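An overview of the molecular structure
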2 protein chains.
Amino acid sequence: MAQGKLLYAQSGGVSAVINATAAGVIETARDKGIKVYAARNGILGALREDLIDTSKEAKANIAALRHTPGGAFGSCRYKLKSLEENRAEYERLIEVFRAHDIRTFLYNGGNDSADTAYKVSQIGHSLGYDVNCIGVPKTIDNDLVVTDTCPGFGSVAKYTAVSVREASLDVASMAETSTKVFIIEVMGRHAGWIAAAAGLAGQGADQAPHIILFPENVFDETAFLAKVKATVERVGYCTVVVSEGVKNPEGTFLAESGARDAFGHAQLGGAAPILAALVREKLGYKYHWALPDYLQRSARHLASKTDADQAYAVGKAAVEFAAEGLNAVMPVIVRLSDEPYKWKIEAAPLQKIANHEKKMPKNFMSKDGFGITAAARRYLAPLIQGEAPPPYGTDGLPMYVTLRNTPVPKKLRAFKAG
Amino acid sequence: MAQGKLLYAQSGGVSAVINATAAGVIETARDKGIKVYAARNGILGALREDLIDTSKEAKANIAALRHTPGGAFGSCRYKLKSLEENRAEYERLIEVFRAHDIRTFLYNGGNDSADTAYKVSQIGHSLGYDVNCIGVPKTIDNDLVVTDTCPGFGSVAKYTAVSVREASLDVASMAETSTKVFIIEVMGRHAGWIAAAAGLAGQGADQAPHIILFPENVFDETAFLAKVKATVERVGYCTVVVSEGVKNPEGTFLAESGARDAFGHAQLGGAAPILAALVREKLGYKYHWALPDYLQRSARHLASKTDADQAYAVGKAAVEFAAEGLNAVMPVIVRLSDEPYKWKIEAAPLQKIANHEKKMPKNFMSKDGFGITAAARRYLAPLIQGEAPPPYGTDGLPMYVTLRNTPVPKKLRAFKAG
């Protein structure tokens, strides 16, 4: 690779395994004698020259990143505008890179980040500074194209499938005199990947979950209520998984379709309570609902080993690609076989990935729209395989690491960003 | 013990470890050559003569109960009235016991069940049939007196502390540009035991959780908002744990204090969204909220080993007490030392336990009412110690058992109950 340092930044919503990617990056770079800086709070840190010297961190702490959720260097939701709209930001990035001899930029994120990474990969030349940029995949939404899956997704998928199985055992044992309908709301505003993964909790029509509501399908109240009723009458109870992104025929989110908070505003978040109210009103069943929210994407204690391994592998590969002098690529996961699941990492052009969105295939949803198909199972099943629990302390809590995050002395004037 | 069979019934809300108690009962009874029947759906099965012959179950399946959440034989919410109010039910119980030569009844539940168990322990004599009754403790509410803790509580406590730690790492890494206030609602309508356990997630004023709202304290909006604001300004974000039982100064549940569902009814469940709306309205911070509901009490994958061991031990002891001919007792956990946590099982009179409720001591809550004290930590810390993960299949899911639950042929006329 070009001489100089490597800058690593985390972007967008964090996950249970994004720090495993950071560990892959830093450990591989150390092996190769490459110095790694990290940007504090993602791209904002790069713009503000708020950099962290990861060489000040003990080896054991970097290793512990592999089992620590959250974003160890901080992340942010901040999308760089186009070069035309905000050239000053790109010039500032190059200024920071130049001041610290940064010759490789690794940007670890989802769709927006792949777009930014591609833009950065192209500006060095026009701004007269030689820097390579590599996108590193991360998103629980599983919506990056080209790659078989996105690090972060497999662990949310596992958390969701396990939670649905456990809670449904609870409901099943009490259903005669207590809750008959249990509703769990999962993340996924645009695509039903996580909702689909919940389907792995059971097999056949009688095992939970009995109904999955995908954001790909418009909510059909009549069909939904009919299926709830039929399931309760046949099985004794009904477990419903609803994606936060499910919409009414009018095109508004179910979550915003009725409830008003104490201040009279539409209550944000909560398709589950809306459905619960509907079930009570129209069918009279006792219900409970759950909304795990951030718990689902931070549950490192229940990570998928497949996911944790892939997260590490993309970090490692990114540094290897950088060492080979590659620019404008992303390490992607290529599926070699379903069973046993075999995969490898390859370099794919960022241009093919940026600004595309992987939709869930239509043939992943059953005919009635309330379940998953064999094709979906074939794709999803390997992604939740294997356990990779964190070490626990004698206090009974996982031993997650907090880094020292030693700042790199600044050399430039301040720059307002964010 | 008296000759004859033993009848085991699960009662009230189930837990991640109530089946470990069932395993303790059945395995110990098998060792002693005692035949165990289980009542389907708790006391209702006993009244309906809907009994299960556990001897038809393979040894491996009984062993697997030790790591399977939910209630393997079904449970129910059904409280027997007093002997004066409904003598027919007690007479029916004795009729069923007599028909199947049941000489010991083990009732596995919380406060109401201890009361029922005590009543049953007293009626055999007056109705001319010799039967011993032993209460077996189980409740995630941790509100039984005499016993140091209640099987089921330690695992909810561990789930809650781990989840708060994980989600807070997520929030902390995104706080500058995203969520600043994260609210998680936990179970506990009358006492703040679970909310207090969340406090184990961190130490000191800056670690999450920053605010705990206990049902023991009336909600003070001004003090709450001031602490949220101060925490966000000092730490960058604020994690709030709220017990579902928190009440307004007017004495109504916070959860029912404003939100209306689409049908105009007060929305049930959800103190967290109420607080979130308040934070948005008064402080303008971006928020997220989570409501794990049944996930917290069924999360066997994250059970406390201490809790799972105690759950098994009370089941084992119950059979041993029965074999010694004890009546009207409950095996309770006696704490011998805090650090290392040492405990033993003793028999305590049911009469001392029934109709009492263990409140959380006032000195467990910090002066400002928003945190836990060293005394609380000393009590709570041992209860979440140790891990006891279930075995996982190659599919990446815990291998939970579903029993065959072979019915015992009926001998009596039908009886309407429930």
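Residues numbered from 1 in each chain as written. Chains lettered and ligands numbered in written order. Predicted model: local features only at pLDDT ≥ 70, side-chain atom pairs only at ≥ 80, totals over all residues. Heavy atoms only, no water.

Attention now moves to helix H4 (residues 87-99) of chain B. Residues and elements named next belong to chain B. For H4, with 13 residues, the first-to-last C-alpha span of 18 Å sits near the 18 Å given by 1.5 Å per residue. All of the buried residues in H4 are Glu89, Tyr90, Arg92, Leu93, Ile94, Val96 and Phe97. As for H4, its buried residues are in contact with strand S1 (5-10), helix H2 (43-48), strand S3 (51-53), strand S4 (102-109) and helix H5 (111-126). Where H4 ends, the next residue or the one after it, aspartate 101, has phi of about 55°, a positive value. (Helix = DSSP H or I, 4+ residues; strand = E, 2+ residues; numbered from the N terminus. Expected span 1.5 Å × (residues − 1). Buried < 20%, exposed > 50% of the residue type's maximum accessible area, 1.4 Å probe, protein only. Contact = heavy atoms within 4.5 Å.)

What follows concerns the interface of chain B and chain A. Accessible area lost on assembly of the parts is the figure often given for the size of an interface. Each partner contributes to the interface: chain B provides 79 residues, whereas chain A provides 79 residues. Summing both sides of the interface, chain B and chain A together bury roughly 6,400 Å²; the carbon and sulfur share of this comes to 58%. The interface formed by chain B and chain A contains 4 salt bridges. Between Glu176(A) and Arg48(B) there is a salt bridge, with its nearest N and O atoms 2.5 Å apart. Our count for the chain B to chain A interface comes out at 33 residue pairs in polar contact (both at pLDDT 80 or more). Put simply, the parts of the chain that give the side of chain B that touches chain A at least two residues each are H2, helix H6 (153-174), strand S6 (181-186), helix H9 (271-283), strand S9 (287-290) and helix H10 (294-298) of chain B. For the side of chain B that touches chain A, the leading source of residues is H6(B), giving 13 residues. Among the residues making up the side of chain B that touches chain A, the classes are represented as 38 nonpolar, 24 polar and 17 charged. (Buried area = accessible area lost by both parts, 1.4 Å probe. Salt bridge = Lys/Arg side-chain N within 4 Å of Asp/Glu carboxyl O. Polar contact = N/O pair within 3.5 Å; in protein donor to acceptor, adjacent residues only side chain to side chain. Nonpolar A, V, L, I, M, F, W, Y, C, P; charged D, E, K, R; others polar.)

Once that is clear, we can look at the UniProt feature "coiled-coil region" (unreviewed entry) in chain A. Following the UniProt record, one finds the feature "coiled-coil region" (unreviewed entry) at residues 48-100 of chain A. Annotated as residues 48-100 of chain A, this span is 38% helix and 6% strand, and its ends, taken at the C-alpha atoms, are 13 Å apart. (UniProt positions renumbered as here; feature names shortened; annotations may be inferred.)

Below, the discussion takes up the pattern of salt bridges. Residues and elements named next belong to chain A. Applying the stated criterion to the full structure yields 44 salt bridges over all chains. Close ionic contact of arginine 40 with aspartate 50 constitutes a salt bridge, the shortest N to O distance being 3.1 Å. Note that arginine 40 is positioned in the loop between strand S2 (36-39) and helix H2 (43-48) and aspartate 50 in the loop between H2 and strand S3 (51-53), a separation of 10 residues in sequence. Here glutamate 233 makes a salt bridge to lysine 229, at a shortest N to O gap of 3.2 Å. Residue glutamate 233 and its partner lysine 229 are located together in helix H8 (residues 221-235), separated by 4 residues, close to a single helical turn. Of the residues examined, glutamate 233 reaches a relative accessible area of 56% and is grouped as exposed. Linked by salt bridges that have partners in common, Arg92, Glu95 and Arg413 make up one network.

Residue and element names in this part refer to chain A. For the structure shown, the criterion picks out 19 aromatic pairs over all chains. Where tyrosine 8 meets phenylalanine 73, the ring centres are 6.1 Å apart and the plane angle is 80°; that geometry is what we call edge-to-face. With tyrosine 8 in strand S1 (residues 5-10) and phenylalanine 73 in the loop between helix H3 (59-64) and helix H4 (87-99), the pair connects residues that are 65 residues apart, well separated along the chain. Judged by centre distance (5.8 Å) and plane angle (40°), the ring pair of phenylalanine 364 and tyrosine 379 falls under tilted. Residue phenylalanine 364 is located in the loop between helix H12 (350-353) and helix H13 (374-380), and its partner tyrosine 379 is located in helix H13; the two are separated by 15 residues in the primary sequence. For the pair shown, phenylalanine 364 and tyrosine 379 are each scored as buried. (Phe/Tyr/Trp six-rings, centres within 6.5 Å; stacked < 30°, edge-to-face > 60°.)

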